[in-house]
Each structure stands twice: as structure tokens, then as C-alpha cells.
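Spelled out from the first residue to the last, the chains are:
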Amino acid sequence: MSMTVASFWVSVTDFGDTAVLLPLALVILVWMGLGARRLALFWGSLLVADIALVALTKIAYMGWGLHPPGIDFTGLSGHSALSMLIWPTIGVLLSVGRRRLWRLVMPLLGAALSLAIAISRLATDAHTPPEVALGALWGGGLALTFLYSCWHETRLSLPRPGLLLPLILLLPLALGYGRVFPSMQVLADVSCLLSGHAKPYTRTDLERQFQQTTQEHLTSVSPPAMPSMVSFCLPPAARFSIGASNAMQQSWVSNTQACPFELDAGCAGEGVRSSLVRALGTE
């Protein structure tokens, strides 16, 4: 990946950092609370559920190494899960009082930005596909729950955004964009505190576990070595190396009378060939 492309994906992923999303979530709660307190409480509960599941999956792995068997999974992608809830919600708030088309387009634009953030987590090697996909599905499901609940509220009780809401939303973006909130370090400390371990499990530990499991599987399914036909039918005194002299080869041919198969010396000089059918016919 070129430096230009890498820089682009880093700039996209910064829109999903906790340093940006948590202040935006606070703005959303306060703004909705001005005219629709019940809806604000409902959305706040969705936000808590979103953060809680992300944190629990990460703590489960970092503290005890728990993860779905056979999957490269160390916890839900927080960028993906939170973005899928917060950015479409911002689209809803900005579309209040507008035509039906805008009420459909604005949340979709928020979802498109959230999807780009999720893809950026893969492009920057921050997460694996299962972590991003499950995180996006979790956050997206919560967002759909909210959108279904507030479809009529957008015309009834939610305050109109005007120019005030966009200006307020720009403030956390200006202050938090490009910064990295130390959420992983906080979760690692909590994991060690709860599990009693000196250090948390990391992705390196998971990769090492996968390599060990793969090696054990290959060892268990490897077939046993089968003896060659020549060494099986020849008496010990008649076994020889391919590089033996012609005299030793002739001696070996004379000793093959003890074998129930008739052999030719076509491999070394005249060749070695087992005439199994003919031998079975004469015995």
C-alpha cells in the first residue's frame, strides 16, 4: 500500500476514534434531550449497550484469552460499532424539519461514512474481517432500532438543527479529530485487574496458538511411512544401494531367488521390475 493510500485510510479511521465519537455522543444526548427526553434516554441506553458489548469482548480476550474457536477474533471493532450508531444518528438530527427525501438521505450518508470507517480498520490492519463485520453489524442493528423508533419523532418533538447544531458538532471534531483515545490501554488495565494476570493477552498470543494447533493437526493426520516394495520382499543380505557396482548388482540378482516375486535388473543395468502377476500365477 502506497503512502498516499495509507494516509487516506488513516484520515478516514480518525473519524471513528473514541476521541471524536464520545464528545459527539454527548452532543447528541443533550440535543435530543431538549425536546425528546424519552428518546434521548432510549438512545443513551443503546449507546451504553454498544460500548458495553465491545468492552466485554475485548476484556474477555485480553483477560482470559477467550475467543470463538478457530476465528482470528480478539474483540469487536469499537470504531465500527460506535460509528454505525453515532454517524447515522447525526444524519437523523440534521434532517429534522426537512423533506422526506432528506430524512432518508442524511442517515444513509452517515451510514456510508460509518462503512468507510469500518473498511479503514481493515485497510490499516487494525482489525480482522470478523472483528469489523461483527462490530458493524452490532452497531448497525442498534442504529436501525433507533431509526425505527424515532421516525415520527423527527417531525414532532426533536428540535430543528438550523445552523446551531452543525456548529456545535464541529467543535468536538475540531478538538478530537486526529487524536487517539487510550481506550485499549484502559481495557488492558481492567483486564489484568479482573483476571489477576501480569499482562494481557495480545493478538501475537492468538497467532502463536493458531500455529501450534495447526502443527499438532498436521502431525496427527500424517500417514505412517510405508516400507518400499523392494526392501519388503528382499532378504536383508540382498538389500543394496543404487550406487553399488555391477558385481554387487549381479550378486543381488542371484540372491533374489528367496523372494516370492520375480525381479528383473532393469533399474541398474537391465532394470528392476516386479512381475507380480506372473509370480502369483506360478506360486
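Above this text is the structure in question.
One structure accompanies this document, and this report is about it. Here, residues in each chain are numbered from 1, in the same order as that chain's written sequence. The predicted origin of the model limits local features to residues at a pLDDT of at least 70 and limits the giving and counting of side-chain atom pairs to 80 or more, whereas totals for whole chains, interfaces and linings rest on all residues. Where side-chain values are given, they derive from all heavy atoms of the structure, hydrogens and water being excluded.

Comments concerning the overall build of the chain
Stage number 1. Secondary structure elements are taken from DSSP: a helix is a run of H or I of four residues or more, a strand is a run of E of two residues or more, and numbering for both begins at the N terminus. If you tally the helices and strands in the chain, you get 13 helices and two strands.
Stage number 2. Relative accessibility decides the category of a residue: with a 1.4 Å probe and only protein chains considered, values under 20% of the type maximum give buried, values over 50% give exposed, and everything between is partly exposed. Expressed as a percentage of the 283 residues in the chain, the buried residues total 38%.
Stage number 3. Pairs of residues are marked as contacts when any of their non-hydrogen atoms sit within 4.5 Å. The long-range share in the chain, meaning contacts at least 24 apart out of those at least 6 apart in sequence, stands at 73%.
Stage number 4. All accessibility values rest on the Shrake-Rupley procedure with a 1.4 Å probe; residue burial counts only the protein chains present in the view. Looking at the chain as shown, the accessible area adds up to about 16800 Å², and 67% of this sits on carbon and sulfur atoms.

Comments concerning the packing of helix H5 (residues 100-123) against helix H6 (residues 129-149)
Stage number 1. Viewed as axis vectors pointing N to C, H5 and H6 meet at an angle of 165°, and their least axial separation amounts to 9 Å. Classed by the angle they form, the pair H5 and H6 counts as roughly antiparallel. Pair H5 / H6 crosses with right-handed handedness. Residues Pro107, Ala118, Arg121 and Leu122 of H5 touch H6, and the partners they reach there are Pro129, Val132 and Leu147. Each axis is a line fitted through C-alpha atoms, and for a helix only the stretch in contact is used; angles between axes span 0 to 180 degrees, taken between their N-to-C directions. Roughly parallel refers to an angle under 35 degrees, roughly antiparallel to one over 145, roughly perpendicular to one between 65 and 115, and oblique to any angle outside these ranges. Here a crossing is taken to be left-handed if its near helix is turned anticlockwise relative to the far helix by less than a right angle, and right-handed if that turn runs clockwise.

Quick look at the nonpolar core
Stage number 1. What makes a nonpolar core is a set of buried Ala, Val, Leu, Ile, Met, Phe, Trp, Tyr and Cys residues whose side-chain atoms join them at distances within 4.5 Å. Membership of the largest hydrophobic core comes to 36 residues, with the highest contact counts inside it found for Leu24, Met32, Trp43, Ile86, Ile90 and Phe146.
Stage number 2. Every element with two or more residues in this core is listed here: helix H1 (3-13), helix H2 (18-33), helix H3 (37-64), helix H4 (78-94), H5, H6 and helix H8 (164-176).
Stage number 3. Among residues more than four places away in sequence, those in contact with Phe146 are Met32, Leu39, Phe42, Trp43, Leu46, Thr89 and Val92.
Stage number 4. Counting residues in hydrophobic clusters, the runner-up holds seven residues, among them Tyr61, Leu187, Ala188 and Leu206.

Looking at the environment of Gly139
Stage number 1. Summarising the element assignment, Gly139 is placed in helix H6.
Stage number 2. Taking C-alpha positions, Gly139 is 4.1 Å from Ala81, a pair spaced 58 residues apart along the chain.
Stage number 3. Non-local contacts of Gly139, meaning those with residues more than four positions away in its chain, are made with Asp50, Ala81, Met84 and Leu85.

Considering the environment of Ala143
Stage number 1. Along the chain, the position of Ala143 falls in helix H6.
Stage number 2. Remark: the alpha-carbon pair of Ala143 and Ala111, spanning 32 residues in sequence, is separated by 9.2 Å.
Stage number 3. Discounting residues that sit within four places of it in the chain, Ala143 has contacts with Met84 and Leu85.

Remarks on a nonpolar patch on the surface
Stage number 1. Judged by side-chain polarity, Trp64, Leu66, Val186, Val190 and Leu194 come together as a nonpolar surface patch covering roughly 460 Å² of accessible area.
Stage number 2. No other element matches helix H9 (residues 183-195), which puts three residues into the nonpolar patch.
Stage number 3. Tracing the backbone through its elements, the reader meets Leu66 in the loop between H3 and H4. For patch building, the residue pool is restricted to those with more than 30% relative accessible area and no salt bridge; the joining distance is 9 Å between like charges and 5 Å between nonpolar side chains (Val, Leu, Ile, Met, Phe, Trp, Tyr). A pair is scored as a salt bridge if a Lys or Arg side-chain nitrogen falls within 4 Å of a carboxyl oxygen belonging to Asp or Glu.

Digging into the side chain of Thr13
Stage number 1. Along the chain, Thr13 turns up in helix H1.
Stage number 2. Whenever a nitrogen or oxygen atom comes within 3.5 Å of another N or O atom, the pair is scored as a polar contact, on the condition that within protein one atom can donate a hydrogen and the other can accept it, and that pairs from neighbouring residues in sequence are kept only if both atoms are in side chains. A distance of 2.9 Å separates polar atoms of two side chains, one belonging to Thr13 and the other to Arg121.

Overview of the packing of aromatic side chains
Stage number 1. Paired rings are identified among Phe, Tyr and Trp, the last through its six-membered ring, by centres lying within 6.5 Å, and are further divided according to the angle between planes into stacked (under 30 degrees), edge-to-face (over 60) and tilted (the rest). As enumerated under the stated definition, the model contains four aromatic pairs in all.
Stage number 2. Plain terms: the ring middles of Phe8 and Trp9 are 5.1 Å apart, the flat faces sit at 65° to each other, and that makes the pair edge-to-face.
Stage number 3. Overall, the relative accessible area of 47% leaves Phe8 in the partly exposed class.
Stage number 4. In textbook terms, an aromatic cluster arises when at least three aromatic residues are bridged by ring pairs, as seen for Phe15, Trp87 and Tyr177.

Overview of the pattern of salt bridges
Stage number 1. Under the definition given, this model contains three salt bridges.
Stage number 2. A salt bridge links Glu131 to Arg203; its shortest N-O distance comes to 2.9 Å. Linking Glu131 in helix H6 with Arg203 in helix H10 (residues 203-221), this pair joins segments that are 72 residues apart in sequence.
Stage number 3. Residue classification places Glu131 among the buried residues on the basis of a relative accessible area of 0%.
Stage number 4. Arg203 sits in the partly exposed class, given a relative accessible area of 23%.
Stage number 5. The network of salt bridges with shared partners includes Asp72, Glu131 and Arg203.

Here we look at the side chain of Ser80
Stage number 1. Looking at the element boundaries, Ser80 is found in helix H4.
Stage number 2. Polar side-chain contacts of Ser80 include one of 3.0 Å to the side chain of Ser77.
Stage number 3. Each residue touching Ser80, except ones within four places of it in the same chain, is listed here: Ala118, Arg121, Val132, Gly135 and Ala136.

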